[in-house]
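As a plain string of letters, each chain reads:
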Amino acid sequence: MAGLFCGHCKREYSLDEVLWRCECGSVLDIEFEANFPIQEIMGRAPNLWRYRESIPLARDGNIISMGEGFTPMVEEDIDGVSVHLKLEYMFPTGSFKDRGASVLVSKMRELGVKDAIEDSSGNAGCAIAAYCAKGKIDCHIYVPDRAPVEKLTQIGMYGSSIERISGDREAVAAAALRAAEQGYYASHSWNPFFLQGTKTLAFEVCEQLNWRAPNTLIVPVGNGTLLLGAYIGFRDLLAGGIIDKMPRLIGVQAAPCSPLFQMFKGGLEDIPPITQGDTIAEGIAIAKPIRGGQIIEAIKESKGDIISVRDSQIQESLRMMGRVGYYIEPTSAVAIAGAKTYLKGATPGETIVIPLTGTGLKATQKMMGLGMD
Ligand SMILES: Cc1ncc(COP(=O)(O)O)c(C=O)c1O
Ligand SMILES: [Zn+2]
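Engineer: I'm lost on the coordination of the zinc ion (ligand 2) in this one. Help?
Structural biologist: Six octahedral donors around a metal ideally make angles of 90 or 180 degrees; four tetrahedral donors ideally make 109.5 degrees. Looking at the metal site, the zinc ion (ligand 2) is ligated by Cys-6 (SG), Cys-9 (SG), Cys-22 (SG) and Cys-24 (SG), spaced 2.3 Å from it. Around the zinc ion (ligand 2) sit four donor atoms; with metal-centred angles ranging over 104 to 114°, the donor geometry is tetrahedral. Linear spacing of the donor residues for the zinc ion (ligand 2) on their chain is C-x2-C-x12-C-x1-C. With Cys-6 in the loop between β1 (3–5) and β2 (12–13) and Cys-24 in the loop between β2 and β3 (29–31), the pair connects residues that are 18 residues apart, well separated along the chain.

Engineer: Hey, could you run me through the sheet that holds β2 in this one?
Structural biologist: Backbone-to-backbone hydrogen bonds pair the strands of a sheet. The strands run either parallel or antiparallel. Strand order in the open sheet formed by three strands is β2-β1-β3, with antiparallel pairing between adjacent strands. In the strand order of this sheet, the two ends are held by β2 and β3, each with one partner. By the bridge criterion, three bridges tie β1 to β3 in an arrangement that is antiparallel. By the bridge assignment for β3, Leu-4 is matched with Ile-30.

Engineer: Hey, could you run me through the site of ligand 1 in this one?
Structural biologist: Taken together, 17 residues are adjacent to ligand 1, and Gly-222, Asn-223, Gly-224, Thr-225 and Thr-357 come closest. Here Gly-222 contributes a backbone N or O atom positioned 2.8 Å from an oxygen atom of ligand 1. Within the contact set of ligand 1, an oxygen atom lies 2.4 Å away from a side-chain nitrogen or oxygen of Thr-225. Of all the elements in the fold, those that place two or more residues in the shell around ligand 1 are α8 (225–239) and α12 (330–342).

Engineer: Whenever I open this one, the layout of surface pockets confuses me. Can you help?
Structural biologist: Over the atoms, a rolled probe matching the size of one water molecule traces out where space is still vacant. Of the pockets and cavities examined, the largest pocket occupies roughly 470 Å³. In terms of lining residues, the largest pocket is bounded by 21 residues, among which Arg-146, Asp-278, Thr-279, Glu-282 and Ala-285 are the most central. Elements supplying a minimum of two residues to the lining of the largest pocket: α4 (149–157) and α13 (364–369). A per-class count over the lining of the largest pocket returns six nonpolar, six polar and nine charged.

Engineer: How should the nonpolar core be read in this particular structure?
Structural biologist: Soluble globular proteins: nonpolar side chains tend toward being buried together. Within the largest apolar cluster, 46 residues are counted, with the highest numbers of intra-cluster contacts made by Leu-4, Leu-104, Val-105, Met-108, Ile-128, Cys-132 and Tyr-142. At the level of elements, α2 (97–111), β6 (115–119), α3 (123–135), β7 (138–144), α4, α5 (169–180), β9 (184–185) and α6 (192–198) are the ones that each hand at least two residues to this core. At seven residues, the largest contribution of residues to this core is made by α3.

Engineer: Sorry, what's going on with helix α7 (residues 200–208) here?
Structural biologist: Every α-helix winds through 3.6 residues per turn, so residues three or four apart in the chain are directed the same way. With eight of its nine residues buried, α7 lies for the most part within the structure. Looking at the residues trailing α7, positive phi occurs at Asn-210, about 60°.

Engineer: Is there a simple way to explain the sheet that holds strand β4 (residues 73–78) in this structure?
Structural biologist: On the basis of which strands lie adjacent, the open sheet formed by six strands has the order β4-β5-β13-β10-β11-β12 and mixed pairing. The open sheet is flanked by β4 and β12 (305–309), the only strands paired with a single partner. Between one strand axis and the next, the sheet turns through 30° on average, direction left out of account. In this structure, strand β10 (residues 216–220) lies alongside strand β13 (residues 352–355), joined through two bridges in parallel fashion.

Engineer: Help me understand the pattern of salt bridges in this model?
Structural biologist: Pairing between side chains of opposite charge can happen when the charged atoms of each approach one another. Taken as a whole and judged by the stated rule, the model has 22 salt bridges. Lys-107 is paired through a salt bridge with Asp-16; the nearest N and O atoms lie 3.0 Å apart. Taken together, the positions of Lys-107 in helix α2 and Asp-16 in the loop between β2 and β3 put the pair 91 residues apart, joining distant regions of the chain. Measuring nitrogen to oxygen at the nearest pair gives 3.1 Å for the salt bridge that ties Arg-248 to Glu-350. Here Arg-248, found in strand β11 (residues 248–254), pairs with Glu-350, found in the loop between α12 and β13; they are 102 residues apart in sequence, far enough to count as distant. Exposure remark for Arg-248: the relative accessible area of 28% places this residue in the partly exposed category. Given a relative accessible area of 11%, Glu-350 falls into the buried group. Among the ionic contacts, a cluster of salt bridges with common partners joins Lys-86, Glu-88, Arg-99 and Glu-204.

Engineer: What exactly am I supposed to notice about the side chain of Glu-329 here?
Structural biologist: With respect to the helices and strands, the residue Glu-329 is situated in the loop between α11 (311–323) and α12. Once residues lying within four places of it in the same chain are set aside, the contact partners of Glu-329 are Asn-123, Lys-151, Glu-282, Leu-318, Gly-358, Thr-359, Gly-360, Ala-363 and Met-367.

Engineer: Whenever I open this one, the side chain of Thr-198 confuses me. Can you help?
Structural biologist: If you trace the backbone, Thr-198 turns up in helix α6. For Thr-198, a relative accessible area of 0% puts it in the buried group. Here the side chain of Thr-198 touches Thr-225 through a polar contact of 2.9 Å, landing on its backbone oxygen.

Engineer: Which parts of the structure should I look at to understand the packing of aromatic side chains?
Structural biologist: Two descriptors summarise a pair of aromatic rings, namely the distance from one centre to the other and the angle between the planes of the rings. Applying the stated criterion across every chain yields a total of four aromatic pairs. Their ring planes at 65° and their centres at 5.2 Å tell us that Tyr-51 and Phe-203 sit as a pair that is edge-to-face. Residue Tyr-51 is found in the loop between α1 (38–42) and β4, and its partner Phe-203 is found in helix α7; the two are separated by 152 residues along the sequence. You'll find Tyr-51 and Phe-203 in the same group, each marked buried. Positioned above the aromatic ring of Trp-190, the side-chain terminus of Arg-21 is 5.7 Å from the ring centre. Lying over the aromatic face of Phe-70, Arg-50 brings its terminal NZ or CZ to 4.3 Å of the ring centre.

Parameters and conventions
- Within each chain, residues carry numbers counting from 1 in the order of the written sequence.
- A letter from A marks each chain and a number from 1 marks each ligand, given out in the order of writing.
- Confidence filtering applies because this is a predicted model: local features only for residues at pLDDT of at least 70, side-chain atom pairs given and counted only at 80 or more, and all residues used for totals across whole chains, interfaces and linings.
- Side-chain metrics rest on all non-hydrogen atoms present in the structure, leaving aside hydrogens and water.
- Any N, O or S atom lying within 2.8 Å of the metal counts as a donor, with the limit raised to 3.2 Å for Na, K and Ca; because water is left out of the atom set, some sites can appear incomplete.
- Every geometry call rests on angle ranges, with four donors termed tetrahedral when all angles are between 85 and 135 degrees, four termed square planar and six termed octahedral when opposite donors are over 155 degrees apart and all others are between 65 and 115, and everything else termed irregular.
- By the criteria applied, helices consist of DSSP H or I runs no shorter than four residues and strands consist of E runs no shorter than two, each listed in order from the N terminus.
- Between any two strands, pairing holds if DSSP finds at least two bridges.
- Here, proximity means that at least one heavy atom of the residue falls within 4 Å of the molecule or strand.
- Polar contacts, as used here, are pairs of N or O atoms within 3.5 Å; protein pairs need one atom able to donate a hydrogen and one able to accept it. Residues neighboring in sequence count only if both atoms are side-chain atoms.
- Definitions used throughout: a 1 Å grid over protein atoms alone; a cavity as a set of points that fits a 1.4 Å probe which cannot get out; a pocket as an open set with protein on both sides within 12 Å along at least five of seven lines; a lining residue as one with an atom within 4 Å of a point.
- Grid points are joined across faces, edges and corners, and a volume is the space filled by probe spheres set on the points.
- Polar here means any residue outside two lists: the nonpolar Ala, Val, Leu, Ile, Met, Phe, Trp, Tyr, Cys and Pro, and the charged Asp, Glu, Lys and Arg; Gly therefore counts as polar.
- For the purposes of this section, nonpolar cores are sets of buried Ala, Val, Leu, Ile, Met, Phe, Trp, Tyr and Cys residues that join through side-chain atoms within 4.5 Å.
- Partly exposed describes any residue whose relative accessible area lies between the buried limit of under 20% and the exposed limit of over 50%, with all areas from a 1.4 Å probe on protein chains only and scaled to the type maximum.
- Axis lines are fitted to C-alpha atoms, over the contacting stretch for helices. Their N-to-C directions set the angle, which ranges from 0 to 180 degrees.
- Put simply, a salt bridge is a Lys or Arg side-chain nitrogen that is within 4 Å of an Asp or Glu carboxyl oxygen.
- Whether two residues are in contact is decided by their heavy atoms, any of which lying within 4.5 Å being enough.
- Ring pairs are drawn from Phe, Tyr and Trp, using the six-membered ring of Trp, whenever the two centres fall within 6.5 Å, and their geometry is named by plane angle: stacked under 30 degrees, edge-to-face over 60, tilted for the rest.
- The rule for a charge over a ring is simple: NZ of Lys or CZ of Arg within 6 Å of the ring centre, and within 35 degrees of the ring normal.

Keep in mind these numbers describe shape, not what the thing actually does.
Now the structure itself:
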């Protein structure tokens with residue numbers, strides 16, 4: 001049966017309830033049977049809505065889309081190993097977050113939600129603000145006062161209100177949570193419909209590999225919306241009989257803020273309290289990811305791993321990618337830095353996919369700070 005469910009207290013709700021978390025306070029997940037009519041899918045427009053039967057939205061009329069998705073996947077050599085790069089920076093707002101935003105904001109229209117609240121260090125805020133603008137929904141984005149000016153400017157251009165909060169990312173999330181008591185929390189970390197959008201990355205990767213699963217997917221991890229989305233997507237493909245094995249999911253964190261790395265490597269039950277250092281990968285500087293436990297479970301189930309990388313490795317990867325034509329933001333380069341570590345022990349012939357999650361054009365100030373010539 002399709003619905004929202006809580007893994008903590010086991011309550012179930014209809015997909016049409018205006019809820020973003022369980023009454024017990026825990027995160028909600030979505031139970032939904034995905035279907036893949038392959039011939040029909042392949043005849044449709046090249047965007048993420050081609051997987052219509054696998055997206056839990058009742059009426060097509062509620063879709064809010066800018067033709068996002070079906071991003072190119074290209075082969076590239078990294079340290080002498082051939083990998084598939086999925087160009088997720090080629091989205092209307094410049095990052096993969098449009099996957100989640102298109103599906104979540106469409107669902108908001110279906111639910112009759114008129115006001116959205118979101119907190120973000122940048123990319124998710126840009127994506128929610130853009131799709132709310134397209135769908136004529138009022139939008140309020142809570143941001144850390146040190147958020148990059150490029151992303152703040154972009155959010156403002158979409159007509160969203162910007163609430164600057166001083167303190168760390170957790171303080172911003174707490175302010176948004178308080179505001180969400182009165183509104184609808186369009187949160188990429190809490191709201192399960194966001195993951196129903198990011199999961200389409202797995203469908204595209206599989207289709208672009210001629211309906212085969214890759215062996216390995218390497219992604220940056222902060223709140224885990226890409227990693228968990230990919231996990232849900234591959235699980236849908238497994239349940240639909242399209243693939244027969246869950247790919248290995250490799251999450252990469254920046255060493256100065258790596259709670260999940262520490263939890264995984266330490267075999268801990270909970271996210272450890274960490275002292276957060278500065279990192280150029282500000283998009284994943286999340287000390288307490290809400291879905292941390294789920295991220296670790298997904299990685300374990302896929303026989304994957306978590307890698308941590310230093311800022312110097314991220315910078316080196318940024319520079320290396322620029323030299324072969326990919327202008328990505330520092331948070332995206334985290335996956336490349338992690339891949340460089342992973343590839344040292346990879347099996348020959350392994351099919352490895354690395355999403356390049358966000359454009360470098362939103363990080364001009366940081367790039368200048370790196371003194372690139
Ligand atoms: C460019 C980029 N890549 C990767 C991520 C990681 O996403 P998540 O926090 O959902 O794990 C983010 C998050 O904001 C991002 O901005
Ligand atoms: Zn509950």
